[in-house]
Amino acid sequence: EAGVTQSPRYAVLQEGQAVSFWCDPISGHDTLYWYQQPRDQGPQLLVYFRDEAVIDNSQLPSDRFSAVRPKGTNSTLKIQSAKQGDTATYLCASKTANTEVFFGKGTRLTVV
Amino acid sequence: GDSVTQTEGLVTLTEGLPVMLNCTYQSTYSPFLFWYVQHLNEAPKLLLKSFTDNKRPEHQGFHATLHKSSSSFHLQKSSAQLSDSALYYCASATSSGQKLVFGQGTILKVYL
């Protein structure tokens, strides 16, 4: 079974630049998560969807971050104007009822 | 809100010695507790999950016991192996299991 796929694996930006991360969840998983994992910290939930609907985006910095899942399958997380504090690994994960949460390998973002 | 605390950032051990990684939690409800393991450049993967019937979960020689009286879910293994070297996260989730809250993580390094 294919796992959660994320791209790109790495990104290096200058402050002020924009970047998008893409996630392909496990087929049939209705719930999709985006986590931010700063260096030396645990993953912190940014936003999660059930199908195409946003269930919780309370921790998503709405002025610069956005996330969509238009067809309830793939998802894109975008940072409009990156800051050095956004340097982290961004993890996508998915699940469905009665399954565990499966994570992708993440996108490691460095903002210089 | 809910929180998970892992007090050790780094644990170093000689192969063959017992392992114990600490995890305590705070929650308004009775959450499920999880241990995830993340090897270098890999996705976090579920290692153990607490049971509702107080059975002790075990996997790959690791086990953990949920103690509601002390709000703890410490990870243990009787004999460490070199291949156990990784980053370990404790996490909690409400009964719906929709949102995982992670601790800061503990790096386990096992030496010969």
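Residues numbered from 1 in each chain as written. Chains lettered and ligands numbered in written order. Predicted model: local features only at pLDDT ≥ 70, side-chain atom pairs only at ≥ 80, totals over all residues. Heavy atoms only, no water.

A.B. asks: Any chance you could break down the overall build of chain B for me, citing the residues and the numbers?
C.D. replies: Each helix and strand in chain B was counted, giving zero helices and twelve strands. For 112 residues, the compact-globule estimate of 2.2 N^0.38 gives 13 Å, and the C-alpha radius of gyration of chain B, at 13 Å, lies within 12% of that figure. Dimensions along the principal axes, computed over C-alpha positions, put chain B at roughly 40 × 30 × 20 Å. Here chain B holds 112 residues, and 46% of them are scored as buried. Summarising the internal contacts of chain B: among those between residues at least 6 apart in sequence, 56% fall at separations of at least 24. Computed over 8 positive and 7 negative side-chain charges, the inter-centroid distance for chain B is 6 Å. (Helix = DSSP H or I, 4+ residues; strand = E, 2+ residues; numbered from the N terminus. Rg over C-alpha atoms; globule rule 2.2 N^0.38 Å. Buried < 20%, exposed > 50% of the residue type's maximum accessible area, 1.4 Å probe, protein only. Contact = heavy atoms within 4.5 Å. Lys, Arg positive; Asp, Glu negative; His and termini not counted. Charge placed at Lys NZ, Arg CZ, Asp CG, Glu CD.)

A.B. asks: Tell me about the state of the cysteines, and please be specific about residues and values.
C.D. replies: Using the criterion set out here, one finds two disulfides over all chains in the structure. Between Cys23(A) and Cys92(A) runs a disulfide, and the two sulfur atoms are separated by 1.9 Å. Here the disulfide of Cys23(A) and Cys92(A) is left-handed, its torsion about the S-S bond being about -70°. With Cys23(A) in strand S3 (residues 19–24) and Cys92(A) in strand S9 (residues 88–95), the pair connects residues that are 69 residues apart, well separated along the chain. Disulfide partner of Cys23(B): Cys90(B), at an S-S distance of 1.9 Å. Judged by the torsion about the S-S bond (-60°), the Cys23(B)/Cys90(B) disulfide is left-handed. (Disulfide = S-S within 2.5 Å.)

A.B. asks: Just give me the short version of the interface of chain A and chain B, but keep the residues and values in it.
C.D. replies: Counting residues at the interface gives 22 residues for chain A and 16 residues for chain B. Together chain A and chain B conceal approximately 1,500 Å² of surface at their shared face, both sides included; 48% is due to carbon and sulfur atoms. Area buried by chain A at its contact with chain B is led by Pro43(A), Phe103(A) and Lys105(A), which between them contribute 29% of it. At the junction of chain A and chain B, the tally comes to two salt bridges. (Buried area = accessible area lost by both parts, 1.4 Å probe. Salt bridge = Lys/Arg side-chain N within 4 Å of Asp/Glu carboxyl O.)

A.B. asks: So what about the layout of surface pockets? Which residues, and what values?
C.D. replies: Put simply, the largest pocket is a space of about 870 Å³. Within the residue set of the lining of the largest pocket, elements represented by two or more residues are S9 and strand S11 (107–111) of chain A together with strand S10 (86–93) and strand S12 (106–111) of chain B. Here the lining of the largest pocket gets four residues from one element, more than from any other, and that element is S11(A). Of the residues that constitute the lining of the largest pocket, the class distribution is nine nonpolar, 16 polar and eight charged. Its volume calculated, the second largest pocket comes out at about 370 Å³. (1 Å grid on protein atoms, 1.4 Å probe; cavity = no way out; pocket = protein on both sides within 12 Å on 5 of 7 lines; lining within 4 Å. Points joined across faces, edges and corners; volume = space filled by probe spheres on them. Nonpolar A, V, L, I, M, F, W, Y, C, P; charged D, E, K, R; others polar.)

A.B. asks: Tell me about the pattern of salt bridges, and name the residues and values.
C.D. replies: Considering all chains together, one arrives at four salt bridges over all chains under this definition. Lys105(A) serves as the salt-bridge partner of Glu42(B), at 3.8 Å between the closest nitrogen and oxygen. One end of the pair, Glu42(B), is in the loop between strand S5 (32–38) and strand S6 (45–49); the other, Lys105(A), is in the loop between strand S10 (102–103) and S11, on a second chain. For Glu42(B), a relative accessible area of 32% translates into the label partly exposed. The salt bridge involving Lys77(B) is made with Asp84(B); its shortest N-O contact spans 2.8 Å. The same class applies to Lys77(B) and to Asp84(B), which are both buried.

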